[in-house]
Amino acid sequence: MTTQDTSRYGFRIGQDNVSVLGCNIHPPVFIVSAASAIVLVVATMIMHQMFAATFLDLRVWITTKFDWFFILLVNLYVVFLLYLAASRLGRVRLGGPDAVPRYKRLTWFAMLFAAGVGIGLMFFGVLEPVSHSINPPLGIDPAHIAEARAAGMSAAIFHWGLHAWAIYGLVALSLAFFAFNQGLPLTPRSAFYPLFGDIVWGPVGHIIDIVAVLATLFGLATSLGFGAEQIAAGLNYLFGIAAGKQTKVLLILAITGVALLSVHAGLDRGVRRLSELNVGLAFALLLFVIIAGPTLTILAIMFNSFTDYLIHLPSLSNWIRREDTDFVHGWTTFYWAWWISWSPFVGMFIARVSYGRTVREFIVGVL
């Protein structure tokens, strides 16, 4: 696709963007997305009780009416990616046969991990195993402690493992292929080019990108909310700092400020260094927990949880005739919707840092 081809539709690759504070933006998408976000935030602050009830009702409606759709879709994502990795298409290199990866594997993995899970895993990595063991899925009796713990750990791994990363992987792979191998812009609309053709360079494409931005906004709000709650509770427990709204707002501002500085510094000086620091701290925490805790018990649970996950996977990834509908709607369907809302943002980032990887290496690394 050349500049001349797309200029007819008002989307000239690399030429329609304008620079604001060192950042390239595409005016039709930026203006509508920014205005929509501001209106939504202001309206929510003014009429927070009404919006709280509306969002709650909307969430319940989506998770109960479309549970089958989300679960089936994500199952297909996993199967499709595994098929690609095993097929001859797995040898295709993102960027062409001579493309060389821009980052070492360890750095690449650090950026995948930090971008994909971050604060969410720190929050739910503790919450889910405990919560699901007390209230186990699949109709298991909580009184059967061993079975309840096995199902609880399996559910936690299910929500943060292959299925979750398949959502990111599919979006990221489609963006990376069309950007690096087909010469299209690195934007969500490019993934729809095979379906819609040249009209993605016009208003239809603008709508796709705007929806991706707004979806990311909702996903980010969820993650920031959980993260601020967790950090505020920790500060309150350790130092007695009030965990009220003011503290949470200040935390969100601080987190956003660090993120902006990181993005402004660029991938190599900002995001890469923060990602490596993040994974280093996570690994240090892992060592501390293993050494300070019941080491042999932890290692045994890690092995047993993996085998339990494989055993429970067919039941957890099924929605038909499930007795634990509260779990399916309140956890699994909510998670898949949450990960999907993050997928345009995280997928674009994963695509950017995965130049030079083969399709097979990309899928194995991401999953």
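Just above, that's the structure.
What this report covers is the structure whose coordinates are included nearby.

Each value, and the rule that gives it
Residues numbered from 1 in each chain as written. Predicted model: local features only at pLDDT ≥ 70, side-chain atom pairs only at ≥ 80, totals over all residues. Heavy atoms only, no water. Helix = DSSP H or I, 4+ residues; strand = E, 2+ residues; numbered from the N terminus. Axes fitted to C-alpha atoms, helices over the stretch in contact; angles between N-to-C directions. Parallel < 35°, antiparallel > 145°, perpendicular 65-115°, else oblique. Contact = heavy atoms within 4.5 Å. Nonpolar A, V, L, I, M, F, W, Y, C, P; charged D, E, K, R; others polar. Salt bridge = Lys/Arg side-chain N within 4 Å of Asp/Glu carboxyl O. Buried < 20%, exposed > 50% of the residue type's maximum accessible area, 1.4 Å probe, protein only. 1 Å grid on protein atoms, 1.4 Å probe; cavity = no way out; pocket = protein on both sides within 12 Å on 5 of 7 lines; lining within 4 Å. Points joined across faces, edges and corners; volume = space filled by probe spheres on them. Core = buried A, V, L, I, M, F, W, Y, C linked by side-chain atoms within 4.5 Å. Phe/Tyr/Trp six-rings, centres within 6.5 Å; stacked < 30°, edge-to-face > 60°. Lys NZ or Arg CZ within 6 Å of the ring centre and 35° of its normal.

**Quick notes on unusual backbone geometry**
Moving on, step 1. One non-glycine residue, L138, adopts positive backbone phi at about 65°.
Moving on, step 2. Assignment of secondary structure puts L138 in the loop between α6 (119-134) and α7 (145-160).
Moving on, step 3. Phi at R321 is positive, roughly 55°, even though this residue is not glycine.
Moving on, step 4. Counting through the fold element by element, R321 comes out in the loop between α12 (295-316) and α13 (325-353).

**Focus: the packing of helix α5 (residues 105-116) against helix α11 (residues 245-292)**
Moving on, step 1. Running from N to C, α5 and α11 cross one another at 80°; their axes reach a closest spacing of 8 Å. Taken together, the axes of α5 and α11 lie roughly perpendicular to each other. For the pair formed by α5 and α11, the contact residues are T107, A110, M111, F113 and A114 on the first element and V271, R272, S275, E276, N278 and V279 on the second.
Moving on, step 2. A class-by-class count of the residues in the contact of α5 with α11 yields six nonpolar, three polar and two charged.

**With respect to the pattern of salt bridges**
Moving on, step 1. Across all of its chains, the model carries six salt bridges by this definition.
Moving on, step 2. The closest approach of N and O atoms between E276 and R272, which form a salt bridge, is 3.4 Å. With E276 and R272 both in helix α11 and four residues apart, the pair spans about one turn of that helix.
Moving on, step 3. For E276, a relative accessible area of 30% corresponds to the partly exposed category.

**Focus: the layout of surface pockets**
Over the atoms a probe the size of a water molecule is rolled, and this reveals where empty space is left.
Moving on, step 1. In this model, the second largest pocket occupies a volume close to 270 Å³.
Moving on, step 2. Lining the second largest pocket are P129, V130, S133, I134, A146, R149, A150, M153, I301, N304, S305 and D308.
Moving on, step 3. Within the residue set of the lining of the second largest pocket, elements represented by two or more residues are α6, α7 and α12.
Moving on, step 4. The residue inventory of the lining of the second largest pocket, partitioned by class, reads seven nonpolar, three polar and two charged.

**Quick notes on the packing of helix α3 (residues 48-65) against α13**
Moving on, step 1. The contact between α3 and α13 brings their axes to 9 Å, and the two run at 85°. Between α3 and α13, the angle is such that the two are roughly perpendicular. Taking contact as the criterion, the partners of R59, T63 and T64 in α3 are, on α13, H329, G330, T333 and F334.
Moving on, step 2. Classifying every residue of the contact of α3 with α13 gives one nonpolar, five polar and one charged.

**Some details on the nonpolar core**
One recurring pattern in soluble globular proteins is that nonpolar side chains are buried together.
Moving on, step 1. In this structure, L173, W336, W339, I350, V353, F362 and I363 are the most contacted members of the largest nonpolar core, which totals 48 residues.
Moving on, step 2. Of all elements in the fold, only α4 (67-86), α5, α7, α8 (162-181), α11, α12, α13 and α14 (359-366) reach the threshold of two or more residues within this core.
Moving on, step 3. The dominant element in this core, judged by the number of residues it contributes, is α13, at 13 residues.
Moving on, step 4. When near neighbours in sequence (up to four residues on either side) are disregarded, W339 contacts G116, V117, H159, W160, A164, W165, I167 and Y168.

**A few points about the packing of aromatic side chains**
Moving on, step 1. Applying the stated criterion to the full structure yields 27 aromatic pairs.
Moving on, step 2. Taking the centre distance of 5.3 Å and the plane angle of 75° together, the rings of W61 and F66 count as edge-to-face.
Moving on, step 3. Between F158 and W336 the ring centres are 5.3 Å apart and the planes differ by 65°, which places this aromatic pair in the edge-to-face class. With F158 in helix α7 and W336 in helix α13, this residue pair connects regions lying 178 residues apart in the sequence. Here the two residues F158 and W336 agree in accessibility, since each one is buried.
Moving on, step 4. Among the aromatic residues, ring-to-ring pairing joins F124, W160, W165, Y168, F226, W331, F334, Y335, W338 and W339 into one connected group.
Moving on, step 5. We note R59 situated over the ring of F334; from NZ or CZ to the ring centre the distance is 4.4 Å.

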